[in-house]
Amino acid sequence: MKNINQSTPVMITGATGYVAGWIVKKLLDEGHTVHAPIRSPENKEKTKYLDQLAAKSKGNIKYFKADLLQDGSYQEAMKGCELVIHTASPFIANVKNPQRDLVDPAVNGTKNILNSVNKTSSVKRVVLTSSCVSIIGDSKDTLAYPNNTATEKNWNTTSTLQHNTYGYSKVMAEKAAWDINKNQNQWDLVVVNPSFVLGPGINPNGTSESFNYVKALGDGQMKAGTFDMNMGCVDVRDLAAAHYKAGFTPEANGRNIISSENLSFLELGQMLRQNFGDTFPFPKKTLPKWLVWLVGPMQGVKREFVSKNIGYPWKVDHSKSVRELKMQYRPVNESVTDFFQQMIDEGIVKSK
Ligand code: NAP
């Protein structure tokens with residue numbers, strides 16, 4: 001159980017990213033000094049949204065140059081910090097080289113940061129952004145759980161370098177973090193396991209898969225129908241609050257599922273139609289599994305994925321986060337609507 005001194009700087013990795021943007025905002029609004037090690041601190045296009053936040057807040061932000069794949073590069077930024085929040089990790093669906101583009105930055109990057117934490121005596125707590133994909137691999141796996149519902153006790157055991165590579169990168173990174181944590185007594189580890197993240201970006205032109213998916217719901221890519229799949233969703237602003245609570249609640253511990261509601265892909269489309277009408281080609285139905293199985297490979301959707309994910313439940317239990325982190329969740333309807341509205345305002349999606 002660690003008490004973090006509020007006046008020490010807080011280091012956050014991946015500050016230019018979608019999830020981290022709102023965590024940085026929360027830290028700045030609470031008056032913290034934020035140490036932000038990023039790949040390109042010289043790129044003003046990347047930092048301008050964070051600079052605008054800092055200008056309007058009580059806190060301040062300082063950039064450092066670092067890369068997940070460059071050992072020791074986070075050391076300078078974590079000097080004097082008691083709290084380190086590690087969010088940086090690629091969230092990309094299609095990569096050329098899964099080991100190089102997903103697994104290495106996730107796993108070696110986590111080891112790189114935690115090895116530096118071990119050498120930085122000021123650090124008392126690390127909050128790691130893992131994922132629900134580190135809990136559930138394929139939707140089919142949930143058939144083995146009571147009420148088909150996963151909890152923090154469950155681990156993704158089915159993703160591999162070839163199958164669900166992103167899930168594999170996240171579960172291997174989280175396991176590496178727990179391994180390093182258990183061999184020392186200086187810092188405790190609190191893991192945040194979010195489901196699919198929705199809501200407006202601090203940078204409205206974010207490149208996280210969250211943007212690609214919600215754009216695809218409204219730009220016609222799914223007008224013939226959506227996959228018959230289920231998932232959990234959480235608002236990016238609530239997720240920022242979860243990271244903050246995980247950092248500053250002394251009793252926070254272990255893994256923490258951060259997810260508002262369990263719902264289907266189709267329900268997300270229905271929420272958008274309800275709020276924006278038929279002016280956008282939102283999906284109206286689900287595609288039959290046999291059809292996706294047949295044509296999926298032509299669109300880069302592997303048959304193994306289709307057979308183990310389409311038509312199965314996907315549910316997580318978020319009660320630990322409500323009980324211990326006092327999480328209050330926005331309804332998904334609000335998150336997806338605010339997100340899509342931002343895409344309309346930015347001209348990212350256009351009505352028919
Ligand atoms: P994102 O917007 O793509 O952010 C990823 C961040 O990681 C960016 O800041 C990126 O920096 C940084 N990064 C990538 N490779 C790097 C490297 N080699 N060295 C240093 N930094 C690197 O994605 P996100 O959705 O915010 O994801 C953030 C975290 O949340 C990830 O750990 C992800 O697994 C987790 N998560 C996301 C979701 C979701 O639905 N979005 C759900 C569960 C968990 P650049 O700006 O330089 O590219």
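Residues numbered from 1 in each chain as written. Predicted model: local features only at pLDDT ≥ 70, side-chain atom pairs only at ≥ 80, totals over all residues. Heavy atoms only, no water.

We now examine unusual backbone geometry. The backbone of Asn147 shows a phi angle near 55°, a positive value even though the residue is not glycine. With respect to the helices and strands, Asn147 occurs in the loop between β5 (125-129) and β6 (149-150). Non-glycine residue Asn148 carries a positive phi angle of around 55°. Turning to its location among the elements, Asn148 is positioned in the loop between β5 and β6. (Helix = DSSP H or I, 4+ residues; strand = E, 2+ residues; numbered from the N terminus.)

Here we take up the sheet that holds strand β7 (residues 188-194). An order of β3-β2-β1-β4-β5-β7-β10 is seen for the seven strands of this open sheet, with the pairing classed as parallel. Strand pairing shows two members of the sheet lacking a second neighbour, β3 (60-65) and β10 (254-258), which therefore form its edges. Averaged over all pairs of adjacent strands, the angle between their axes in this sheet comes to 20°, without regard to strand direction. Pairing between β7 and β10: five bridges, direction parallel. Of the residues in β10, the one forming a bridge with Pro194 is Ile258. In the packing of helix α5 (residues 165-182) onto the sheet, the strands contacted are β5, β7 and β10, and the crossing angle to β7 comes to about 165°. Running over the sheet, helix α7 (residues 236-248) touches β1 (10-13), β4 (83-86), β5, β7 and β10 and is turned about 155° from β5. (Pairing = 2+ DSSP bridges. Axes fitted to C-alpha atoms, helices over the stretch in contact; angles between N-to-C directions. Contact = heavy atoms within 4.5 Å.)

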